[in-house]
Amino acid sequence: MIDLFSGLDAWVLVSLLLALTFVLAFEFINGFHDTANAVATVIYTKAMPPHLAVFFSGVFNFLGVLLGGVGVAYAIVHLLPVELLINVNTGHGLAMVFSLLAAAIAWNLGTWYFGIPASSSHTLIGSILGVGLANALLNDIPLGDGVNWQKAIDIGMSLVLSPMAGFAVAALVLIGLKWWRPLSKMHKTPEQRRKLDDKKHPPFWNRLVLVISAMAVSFVHGSNDGQKGIGLIMLVLIGIVPAQFVLDLNSTTYQIERTRDATLHLSQFYQRNSETLGEFLALGKAKDGDLPEQFSCNPQQTEPTITALQQSLKGVADYHSLPAEKRVEVRRYLLCLDDTAKKVGKLPGLEPREKADLEKLRKDITATTEYAPFWVILAVALALGLGTMVGWKRVVLTIGEKIGKQGMTYAQGMSAQITAACAIGAANIFSLPVSTTHVLSSGVAGTMVANKSGLQGGTVRTILLAWVLTLPATIALSAGLFWMASKAIG
């Protein structure tokens, strides 16, 4: 790892270390900001002592990051338009990274301080969108092209629908439990259990389910939110030291050949579907070698891009053998081919089988660009895991007592946690970032309604206000910071 940073100018090295510190600080804050959501019910119901709950939550968050993959990480990265990702330079990269991180950290700390279960996912996404929009304004790019709006819409839908699903499903699970065992002790609150049964802890099976589901929430939270940190670090590394990180330098000869073969098969795919795609891709019209100096992703330049990429990778068995400028060039070609293939896959007229083939080719094309070194994954896992072990008290009370007019019962805790674990786990499978905070707190709210406990209007309004304000606030904050930073570096 150390040799990757050798030979850097002192100011670049300092900036890089500072940027990495910012990202890990964001993940650490994310850990203690979101810990309460994972362990609130298990602590409030006294299923586990607080010190044990946060320790094991930290361990499972750590494991979630290690085993979670990078699908969500690159879903976050690709919120930025591909042109911004391929043409970033060191100064621009620094401005981008510090602006979005400063905005995200400031909002996260503010909401945590006031005990508001705000979403780190919303915070980060708003910060990234702010940078993309500010970059568009600074460079006279249409705002419609300043952000990858299709990806933003997909993520936005997952962030909006997941709390609604959490509310409804948790309510249904609780109704099912009440129908199945209406007189069970699981429908008591911890206070009722202590007064009526003179027992401090939940019944054994309820306690077991509460503990297992809490650790499941911690694991899927680590997987989903940890990947956001991984995506941020890859943005930092690619923006500040592109020569070392634009491509996975540990790629095997087979992986490089697979990438090269994928571009050949992509060309054959386009030729095979030329009747449908010919006009969109200007097949047979663009001249080889006729690529613009300031490279941009134009579907009508697909043929020359494929030719240029095949020439760049000809005879290459190890990415180390490519000069630094060539590596950046290869990454640009690969990102643009993937971007165009994604657009092609949404065109009408292609058969489902052809679309499936195109998706397989896209995976091969991005195999050596969508990656994360193990040390990055480990660093994020440690930051998130350690952050999980502090700062949980402020939000636990909000989740346990301030959402509903009555305290949470054991059955409500189980319903909310099982729902949250399943919802976030499903989002991980589809590489969609979701908010653990909002899924779980909306699940608790759903069980309160199903239990006819009623909701505390003040708390619900505060959570909803944070949910509504997070995106515009972080967009404005990161856009303003990026604007000032860009002006400062000229």
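Residues numbered from 1 in each chain as written. Predicted model: local features only at pLDDT ≥ 70, side-chain atom pairs only at ≥ 80, totals over all residues. Heavy atoms only, no water.

Looking at an unreviewed UniProt entry, one finds the protein named Phosphate transporter, with Pseudomonas brassicae as its source organism. The UniProt entry for the protein carries the following comment under Catalytic activity (unreviewed entry): "phosphate(in) + H(+)(in) = phosphate(out) + H(+)(out)". (UniProt positions renumbered as here; feature names shortened; annotations may be inferred.)

**Q** Just give me the short version of the pattern of salt bridges, but keep the residues and values in it.
**A** In this structure the tally under the stated criterion is 11 salt bridges. Where lysine 228 meets aspartate 225, a salt bridge forms, and the shortest distance between an N and an O atom there is 2.8 Å. Here lysine 228 pairs with aspartate 225, and both are found in helix H9 (residues 204-240), just 3 residues apart, close to one helical turn. Given the relative accessible area of 2%, lysine 228 is considered buried. A residue is classified by how much of its surface remains accessible, and aspartate 225, at 1% relative accessible area, is buried. With its nearest N and O atoms 3.2 Å apart, the salt bridge here joins aspartate 339 to lysine 343. Of this pair, aspartate 339 and lysine 343 both sit in helix H14 (residues 324-344), separated by 4 residues, roughly a single helical turn. (Salt bridge = Lys/Arg side-chain N within 4 Å of Asp/Glu carboxyl O. Helix = DSSP H or I, 4+ residues; strand = E, 2+ residues; numbered from the N terminus. Buried < 20%, exposed > 50% of the residue type's maximum accessible area, 1.4 Å probe, protein only.)

**Q** Kindly report on the nonpolar core, identifying the contributing residues and their values.
**A** Among the nonpolar cores identified, the biggest contains 89 residues, and Leu100, Ile230, Val236, Leu237, Leu266, Tyr270 and Tyr319 are the most heavily contacted of them. Mapping this core onto the domain boundaries places at least three of its residues in each of domain 1 (7-244 + 372-489) and domain 2 (253-367). Contacts of tyrosine 319, omitting those with residues within four sequence positions, involve Leu247, Asp248, Leu249, Ser251, Ile256, Thr259, Leu313, Arg327 and Thr368. If you look at the next biggest cluster of nonpolar residues, it comprises 33 residues, including Ala53, Leu210, Met408 and Val434. (Core = buried A, V, L, I, M, F, W, Y, C linked by side-chain atoms within 4.5 Å. Domains from an automatic or database assignment. Contact = heavy atoms within 4.5 Å.)

**Q** Tell me what's going on with helix H7 (residues 149-180), and back it up with residues and numbers.
**A** For H7, spanning 32 residues, the distance from its first C-alpha to its last is 45 Å, which sits close to the expected 46 Å at 1.5 Å a residue. Among the residues of H7, Ala152, Ile155, Ser158, Leu159, Ser162, Pro163, Gly166, Ala170, Ala171, Leu174 and Leu177 are the ones counted as buried. (Expected span 1.5 Å × (residues − 1).)

**Q** Which residues make up the environment of alanine 421, and what values do they have?
**A** Within the secondary structure, alanine 421 sits in helix H18 (residues 410-429). When the C-alpha atoms of alanine 421 and glycine 166 are compared, they prove to be 10.0 Å apart, with 255 residues separating the residues in sequence. Excluding its chain neighbours within four sequence positions, the residues that come into contact with alanine 421 are Ala216, Val217 and Val220.

**Q** Which residues make up helix H13 (residues 302-313), and what values go with them?
**A** For H13, spanning 12 residues, the distance from its first C-alpha to its last is 16 Å, which sits close to the expected 16 Å at 1.5 Å a residue. Looking only at H13, the buried set comprises Thr302, Glu303, Pro304, Thr305, Ile306, Ala308, Leu309, Ser312 and Leu313. Structurally, H13 contributes buried residues whose contacts are with helix H11 (253-272), helix H12 (274-281) and H14. Glycine 315, located one to two residues past H13, shows a positive phi value of around 75°.

**Q** Give a detailed account of the packing of helix H6 (residues 120-138) against H7, specifying residues and quantitative values.
**A** Interhelical geometry of H6 versus H7 gives an angle of 160° and a closest axis separation of 12 Å. The orientation of H6 with respect to H7, classified from their angle, is roughly antiparallel. For the element pair H6 and H7, the recorded crossing hand is left-handed. For the pair formed by H6 and H7, the contact residues are Ser121, His122, Ile125, Leu129 and Leu133 on the first element and Trp149, Ala152, Ile155 and Leu159 on the second. The residue makeup of the contact of H6 with H7, split by class, is 7 nonpolar, 2 polar and no charged. (Axes fitted to C-alpha atoms, helices over the stretch in contact; angles between N-to-C directions. Parallel < 35°, antiparallel > 145°, perpendicular 65-115°, else oblique. Left-handed = near helix turned anticlockwise from the far one by under 90°. Nonpolar A, V, L, I, M, F, W, Y, C, P; charged D, E, K, R; others polar.)

**Q** Now, about the side chain of serine 213: what can you tell me, with residues and values included?
**A** One can find serine 213 in helix H9. Accessibility expressed as a relative area gives 5% for serine 213, which makes it buried. Side-chain polar atoms of serine 213 contact the backbone oxygen of leucine 210, separated by 3.1 Å. Beyond its immediate sequence surroundings of up to four residues, serine 213 is in contact with Gln417 and Ile418. (Polar contact = N/O pair within 3.5 Å; in protein donor to acceptor, adjacent residues only side chain to side chain.)

**Q** So what's going on with the packing of aromatic side chains? Residues and values would help.
**A** One pass over the structure, following the stated rule, counts 4 aromatic pairs. Centroid distance phenylalanine 22 to phenylalanine 98: 5.2 Å. Interplanar angle 90°. Geometry classified as edge-to-face. Here the residue phenylalanine 22 occupies a position in helix H1 (residues 10-44), and phenylalanine 98 occupies one in helix H5 (residues 90-113), the gap between them amounting to 76 residues. A relative accessible area of 26% means that phenylalanine 22 is categorised as partly exposed. The interplanar angle of 70° and the centroid separation of 5.9 Å between the aromatic rings of phenylalanine 269 and tyrosine 270 together place this pair among those described as edge-to-face. Residue phenylalanine 269 is classed as buried on the basis of its relative accessible area, which comes to 1%. Look at tyrosine 270 and you get buried, because its relative accessible area is 2%. Stacked on the ring of tryptophan 180, the Lys or Arg arginine 181 has its end atom at 5.4 Å from the ring centre. (Phe/Tyr/Trp six-rings, centres within 6.5 Å; stacked < 30°, edge-to-face > 60°. Lys NZ or Arg CZ within 6 Å of the ring centre and 35° of its normal.)

**Q** For unusual backbone geometry, give the residues involved together with the corresponding values.
**A** The phi torsion of most residues other than glycine is negative, and most of the peptide bonds are trans. Its identity as a non-glycine residue notwithstanding, aspartate 198 has a phi of 55°, on the positive side. Assignment of secondary structure puts aspartate 198 in the loop between helix H8 (190-197) and H9. Owing to a relative accessible area of 67%, aspartate 198 belongs among the exposed residues under this scheme. With a phi angle near 55°, alanine 282 is a residue other than glycine that sits in the positive phi range. Tracing the chain through its elements places alanine 282 in the loop between H12 and H13.

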